[in-house]
Amino acid sequence: MDLPVKQIQPQNIEQWLPARHKPLLISGPCSAESREQVLTTAAQLQATGLVSAFRAGVWKPRTRPSSFEGHGKTALEWLKEVKETYGFPLAVEVATPAHVEACLEAGIDILWVGARTSVNPFSVQELAEALRGVDIPVMVKNPLNPDLALWMGVLERFYMSGITKLAAIHRGFNTYEKSRFRNEPLWNIPIELKSSFPELPLICDPSHIAGKRNLIAEVARQALLLDMNGLMIESHHMPSEALTDAAQQLKPVDLQTIFSKLTVPESAEDNPCFELEILRKRIDEFDNQLIGILSKRMHVVEEIARLKSDCKMTILQVRRWNTIIRTRMEMGKEKGLDEKFLKNLLDLIHKESIDLQSRIMK
Ligand code: PEP
Ligand code: MN
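Residues numbered from 1 in each chain as written. Chains lettered and ligands numbered in written order. Predicted model: local features only at pLDDT ≥ 70, side-chain atom pairs only at ≥ 80, totals over all residues. Heavy atoms only, no water.

K.L.:
So, the pairing of strand β1 (residues 24–28): which residues are in play, and what are the values?
P.N.:
With respect to burial, β1 is a largely interior element, five of its five residues being buried. Neither face of β1 is open: one carries L24, I26 and G28, the other L25 and S27, and all of them are buried. Pairing between β1 and strand β8 (residues 230–234): five bridges, direction parallel. Across the sheet, S27 pairs through a bridge with I233, a residue of β8. In terms of strand pairing, β1 meets strand β2 (residues 53–56) through two bridges, oriented parallel. Looking at the pairing, I26 lines up with A53 of β2. Handedness of the β-α-β unit built from β1, helix α2 (residues 35–48) and β2 comes out right-handed. (Buried < 20%, exposed > 50% of the residue type's maximum accessible area, 1.4 Å probe, protein only. Helix = DSSP H or I, 4+ residues; strand = E, 2+ residues; numbered from the N terminus. Pairing = 2+ DSSP bridges. Right-handed = clockwise from strand over helix to strand, strands pointing away.)

Written out as structure tokens, the structure is:
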């Protein structure tokens with residue numbers, strides 16, 4: 001897939017959001033609930049010395065219409081006070097051109113697009129049009145569903161409107177899998193985004209991935225190990241009283257505890273390390289062997305297909321396949337391979353084998 005998103009040249013995040021502390025942290029409540037709440041939370045965040053920007057939801061996208069939907073423009077006035085008092089740059093979620101207009105008027109510094117808006121190209125295009133010619137940073141949360149191209153499309157739409165201060169926010173994905181997390185991290189998706197587009201700043205939102213306070217540290221640590229550029233974590237001076245996302249917000253002092261144990265690993269790219277190079281050479285060699293073996297296996301599949309065709313046999317022979325799965329899973333267990341990983345790999349190989357036989361036997 002050759003997506004034009006590869007042409008995006010976003011600005012380095014340090015140029016528009018310098019980190020006051022490493023790792024870069026954007027924090028603040030899920031929703032701005034009252035003047036007192038935002039000012040007290042901001043004061044406590046200021047005391048931690050960790051925070052580079054203050055976030056708050058002002059218009060809240062809620063599942064049910066009777067829920068608290070934010071205080072809108074009134075809340076923007078409270079946020080202005082946060083900025084005047086504590087000097088934090090302000091980040092607010094926008095979902096409509098009217099939100100954009102209100103934020104620009106209020107002097108909001110950074111806009112972000114939420115996961116429920118990222119799924120809709122019409123809404124995104126309207127936002128992008130509203131921002132044409134405006135020099136403001138935009139952070140794009142991944143869409144609710146695990147669709148990398150859709151996420152890239154949102155980034156592209158803003159870039160094509162002239163936004164160069166761009167970042168992506170990984171906040172996890174809605175899946176029907178049973179999980180410890182509120183939203184599955186599916187780390188391979190942000191990794192793919194990063195590898196197709198290494199210059200794009202990528203921020204992790206452990207709050208919305210975790211959904212619970214006690215999982216936030218674990219998710220944050222993993223994000224840093226994957227070389228992400230910063231974290232967005234929700235905080236509230238009284239989390240249990242929060243009107244939205246009460247289970248996942250942290251008291252600023254708890255944020256401090258988490259950060260005291262969080263180290264920023266050095267990027268393996270900029271850190272030449274002899275041992276690492278040796279291990280990588282071994283990986284290169286094993287991959288070479290793996291691909292060679294897969295190719296040989298497929299050649300045998302081709303011969304089998306011809307034979308089955310001559311003997312007028314079916315491609316699929318369930319008993320044989322079940323035996324393969326059972327014996328290979330036993331082998332894998334002996335060798336200490338993860339069960340789910342091996343089953344996925346075998347299924348993938350089997351699918352390719354059936355596709356190949358089908359092409360030949362046609
Ligand atoms: C939020 O940041 O409070 C929010 C609504 O997030 P998301 O769009 O990731 O659900
Ligand atoms: Mn939230």
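After that view of the structure, there is still more to cover.
K.L.:
Describe in detail the site of ligand 1, supporting the description with residues and values.
P.N.:
In the neighbourhood of ligand 1, the contacting residues comprise C30, R55, K60, E93, W112, G114, A115, R116, K141, R171, H208 and E234. At 2.8 Å from an oxygen atom of ligand 1 is found a main-chain nitrogen or oxygen belonging to A115. Between an oxygen atom of ligand 1 and a side-chain N or O atom of R171, the distance comes to 2.6 Å. The fraction of the free accessible surface of ligand 1 (290 Å²) that becomes covered by protein chains is 96%. Considering only residue class, the shell around ligand 1 consists of three nonpolar, two polar and seven charged. (Near = heavy atom within 4 Å. Polar contact = N/O pair within 3.5 Å; in protein donor to acceptor, adjacent residues only side chain to side chain. Areas by Shrake-Rupley, 256 points an atom, 1.4 Å probe, with all protein chains shown as cover. Nonpolar A, V, L, I, M, F, W, Y, C, P; charged D, E, K, R; others polar.)

K.L.:
With reference to specific residues and values, describe the packing of helix α12 (residues 274–310) against helix α14 (residues 339–361).
P.N.:
Between α12 and α14, the shortest axis-to-axis distance is 9 Å and the interhelical angle comes to 45°. By the angle between their directions, the pair α12 and α14 is classed as oblique. Pair α12 / α14 crosses with right-handed handedness. Residue-level inspection shows L294, R297, M298, V301, E302, I304, A305, R306, K308 and S309 of α12 in contact with α14, the latter providing I349, E352, S353, L356, Q357, I360 and M361. Of the residues in the contact of α12 with α14, the class split is nine nonpolar, three polar and five charged. (Axes fitted to C-alpha atoms, helices over the stretch in contact; angles between N-to-C directions. Parallel < 35°, antiparallel > 145°, perpendicular 65-115°, else oblique. Left-handed = near helix turned anticlockwise from the far one by under 90°. Contact = heavy atoms within 4.5 Å.)

K.L.:
Describe in detail the coordination of the manganese ion (ligand 2), supporting the description with residues and values.
P.N.:
Every protein donor of the manganese ion (ligand 2) is accounted for by C30 (SG), H208 (NE2), E234 (OE) and D245 (OD), and the metal-donor separations fall at 2.1 to 2.4 Å. One chain supplies every donor for the manganese ion (ligand 2), spaced along it as C-x177-H-x25-E-x10-D. Here H208 is found in helix α9 (residues 206–210), whereas its partner D245 is found in the loop between β8 and α11 (252–260), with 37 residues between them in sequence. The class for H208 is buried, based on a relative accessible area of 8%. (Donors = N, O, S within 2.8 Å, 3.2 Å for Na, K, Ca; no water.)

K.L.:
Which residues make up the pattern of salt bridges, and what values go with them?
P.N.:
Evaluation of the coordinates by the stated rule reveals 13 salt bridges. Taking the shortest distance from any N to any O, the salt bridge between R35 and E81 comes out at 2.8 Å. With R35 in helix α2 and E81 in helix α3 (residues 73–86), the pair connects residues that are 46 residues apart, well separated along the chain. In this structure R35 comes out as partly exposed when scored by relative accessible area, which is 44%. A relative accessible area of 23% places E81 in the partly exposed class. Between R182 and D245 there is a salt bridge, and its shortest N-O distance comes to 3.1 Å. Separated by 63 residues along the polypeptide, R182 in the loop between β6 (166–170) and α8 (188–196) and D245 in the loop between β8 and α11 bring together distant segments of the chain. (Salt bridge = Lys/Arg side-chain N within 4 Å of Asp/Glu carboxyl O.)

K.L.:
Explain the nonpolar core to me, using residue names and the numbers behind them.
P.N.:
Among the nonpolar cores identified, the biggest contains 71 residues, and F54, L76, W151 and F158 are the most heavily contacted of them. Ignoring anything within four residues of it in the chain, the contact list for L76 reads V58, W59, V92, A102, C103, A106 and I108. Counting 14 residues, the second-largest nonpolar core is a separate cluster that includes W16, L24, I169 and M232. (Core = buried A, V, L, I, M, F, W, Y, C linked by side-chain atoms within 4.5 Å.)

K.L.:
Residue-level account of the environment of Q46, with values.
P.N.:
Looking at the secondary structure, you find Q46 in helix α2. Along the sequence, Q46 and V124 sit 78 residues apart, while their C-alpha atoms lie 33 Å from each other. Not counting chain neighbours up to four residues away, the residues in contact with Q46 comprise R20, Y86 and F88.

K.L.:
With reference to specific residues and values, describe unusual backbone geometry.
P.N.:
The amide bond that connects K22 to the next residue, P23, takes the cis arrangement and shows omega of -5°. With respect to the helices and strands, P23 occurs in the loop between α1 (13–16) and β1. Non-glycine residue L186 carries a positive phi angle of around 40°. Residue placement: L186 occurs in the loop between β6 and α8. Even without being a glycine, D227 presents a positive backbone phi close to 70°. The topology assignment puts D227 in the loop between α10 (216–225) and β8. We classify D227 as partly exposed; its relative accessible area is 31%.

K.L.:
Which residues make up the environment of E234, and what are the values?
P.N.:
For E234, the location among the structural elements is in strand β8. A C-alpha to C-alpha distance of 39 Å links E234 and E275, two positions 41 residues apart in sequence. In contact with E234, not counting residues within four places along its chain, are S27, G28, C30, R55, S207, H208, D245, Q248, Q249 and L250. Within the structure, E234 has its side chain in polar contact with the side chain of H208 (distance 3.1 Å). A polar contact is formed between the side chain of E234 and the side chain of Q248, at a distance of 2.8 Å.

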